[in-house]
Amino acid sequence: MTKPRTIDCPQCGKPARVDPDNPYRPFCSRRCKLIDLGDWLDEENRIPDASGAPWAGGEDESDPTH
């Protein structure tokens, strides 16, 4: 039997199976998946703006008066 393929969990660093039997992939557990989701919802994780400008928060970026 072959050893299941694993990667490091992006949240805790423990081995996480990447096969379809792991419903939490790429995370090792439901806990790690929910912690990551919470980080995104709290805006601790954010995809950077292509312009490199810092996020001003709360302003409508489509409004040219800002």
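Quick caveat: nothing in here was measured; it's all calculated off a predicted structure.

Draft legend 1. Geometry of the UniProt feature "binding site: Zn(2+)" (unreviewed entry) in the chain. The UniProt record marks Cys9, Cys12, Cys28 and Cys32 with the feature "binding site: Zn(2+)" (unreviewed entry), using the residue numbering of this structure. A stretch of 24 residues holds the annotated residues, and the largest C-alpha distance among them is 8.2 Å, short enough that they meet in one place. You can see Cys9 is positioned in the loop between β1 (6–8) and β2 (15–17). Among all residues touching Cys9, those that are not within four sequence positions of it are Lys14, Ala16, Pro26, Phe27, Cys28 and Cys32. Examined against the element boundaries, Cys32 turns out to sit in helix α1 (residues 30–41). A relative accessible area of 2% means that Cys32 is categorised as buried. Those residues in contact with Cys32, other than ones at most four positions away along the chain, are Cys9, Gln11, Cys12 and Phe27.

Draft legend 2. Examining α1 more closely. Look at α1: 16 Å from first C-alpha to last across twelve residues, which is about the 16 Å you get at 1.5 Å a residue. Of the positions making up α1, those classed as buried are Cys32, Asp36 and Asp39. Taken end-on, α1 shows its buried residues confined to a sector of 55°, consistent with a single buried face. Facing away from the buried surface of α1 by more than 90 degrees, the exposed residues are Arg30, Arg31 and Leu41.

Draft legend 3. The environment of Arg31, seen in detail. Looking at the element boundaries, Arg31 is found in helix α1. Each C-alpha atom of the pair Arg31 and Gln11 lies 9.4 Å from the other, and the pair is 20 residues apart in sequence.

Cut-offs applied
Residues numbered from 1 in each chain as written. Predicted model: local features only at pLDDT ≥ 70, side-chain atom pairs only at ≥ 80, totals over all residues. Heavy atoms only, no water. UniProt positions renumbered as here; feature names shortened; annotations may be inferred. Helix = DSSP H or I, 4+ residues; strand = E, 2+ residues; numbered from the N terminus. Contact = heavy atoms within 4.5 Å. Buried < 20%, exposed > 50% of the residue type's maximum accessible area, 1.4 Å probe, protein only. Expected span 1.5 Å × (residues − 1). Arc of directions from axis to C-beta.

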